[in-house]
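Residues per chain, in single letters:
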Amino acid sequence: LILWDPTPPGAAALEVGSRIGRITGGGVCLLAIATGEPGAVSNEGELSEWLEQQLPAWSHPELRVRAGPAAAAPLLEEAQEGEYDLVVVPRTSVGPLSSSELAREVLEVASIPVLLVKEAIPRLERMLICTGAGEPGKADVVFGGRLARHARAQVTVLHLYPPGEESLIVERGARHLEQACASLEALGVTCKTRLAAHPIPAQGILEELVSGEHDLLVIGAPARNDLRRISSLDVTSQILEGANRPVLIVPRTE
C-alpha cells in the first residue's frame, strides 16, 4: 500500500514501493486521501492522471481514493481492510501529521511494517538491518531477510552496544548476530555482521548506513505494549531526521 502525495518524496515513495512490488511479485495499491484541500485528488481519474506522469512505463497499480479530513484514519482503515504486507509513506508532512507520526499510527494500530521514503534509490543491492539482542530483535531480521531474498541484496546485520558494557552483554550481542546471519543465509541471503560500541545509537546507525553505502535501512519498532517505546521511537525519529535512504520500520512481535 503506497500513500499518494504530489511531492518529490511522494514520487520517490511510488518509485521505491512499485519496485518492491515488482521484485516480490506482490500486488500494489496507490491510496489517495480526498481531504478537499487544494492539491488533493477527489477521484480515481485525477489519481490516474498523476500516475501517468510519474510511471508512464510501468503497469498501473490498483487505485484507491478514500475521503477524510486527514490521512491517518483513511490510511489505517485501508491498511487493515486490505490486509497489506507493507505500507509505503513519503517522508513529508501528510496533513497535520508528519510522516513519522503517521508511521507510528500504522505500527501501533495496524502492526504492519512501514517504509518511509524521502528520495528514490538507483538500486536495491545492499541492505543494513539493525537489530537488538533477544526475541524482540528478530522480527526485522525475518522481514528484512525476505525482502533481501527477493531483491538478491547483500545484508549487513548491525548491533550496537554502549561503550564500557559488560562482556557478557557484548557476547550476547555477538551470539545474536551469529544467529541472525545464520537465519538469513538459510534464506539464501548473503550476510555479514557488524558489532560495535557507540554512545549514540542513532548516530552510529547513520554512520554505518553512509560508510557501508547501503541502499535501504531496516530497524525494529517496539512492541505495542512495551513501556520503553517512547525512548525507542525517539531514536527512530533521529534516524529519520538524518537518513536520506528509505527506512523500513518493522513492528516487533509481542
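Residues numbered from 1 in each chain as written. Predicted model: local features only at pLDDT ≥ 70, side-chain atom pairs only at ≥ 80, totals over all residues. Heavy atoms only, no water.

As a further point, take the packing of helix H1 (residues 8-24) against helix H5 (residues 139-151). Between H1 and H5, the shortest axis-to-axis distance is 8 Å and the interhelical angle comes to 75°. The angle between H1 and H5 falls in the class roughly perpendicular. Only Leu147, His150 and Ala151 of H5 make contact with H1, whose side of the interface consists of Ile20, Ile23 and Thr24. When its residues are assigned to classes, the contact of H1 with H5 shows four nonpolar, two polar and no charged. (Axes fitted to C-alpha atoms, helices over the stretch in contact; angles between N-to-C directions. Helix = DSSP H or I, 4+ residues; strand = E, 2+ residues; numbered from the N terminus. Parallel < 35°, antiparallel > 145°, perpendicular 65-115°, else oblique. Contact = heavy atoms within 4.5 Å. Nonpolar A, V, L, I, M, F, W, Y, C, P; charged D, E, K, R; others polar.)

One broad rule of soluble globular proteins: the nonpolar side chains tend to lie buried together. Judged by nonpolar contacts, the single largest core of 42 residues is most densely connected at Leu30, Leu115, Met127, Val155 and Leu248. The greatest single-element share of this core, amounting to six residues, is contributed by H5. In contact with Val155, other than residues within four places in its own chain, are Met127, Ile129, Ala148, Leu184, Val189, Thr190, Cys191 and Lys192. With 36 residues, the next largest nonpolar core counts Ile33, Leu102, Val114 and Val247 among its residues. (Core = buried A, V, L, I, M, F, W, Y, C linked by side-chain atoms within 4.5 Å. Buried < 20%, exposed > 50% of the residue type's maximum accessible area, 1.4 Å probe, protein only.)

What follows is about H1. Its 17 residues give H1 an end-to-end C-alpha distance of 24 Å, which sits within 8% of 24 Å, the value for a rise of 1.5 Å per residue. Note on H1: the residue one or two positions beyond its end, Gly25, has a positive phi of about 75°. (Expected span 1.5 Å × (residues − 1).)

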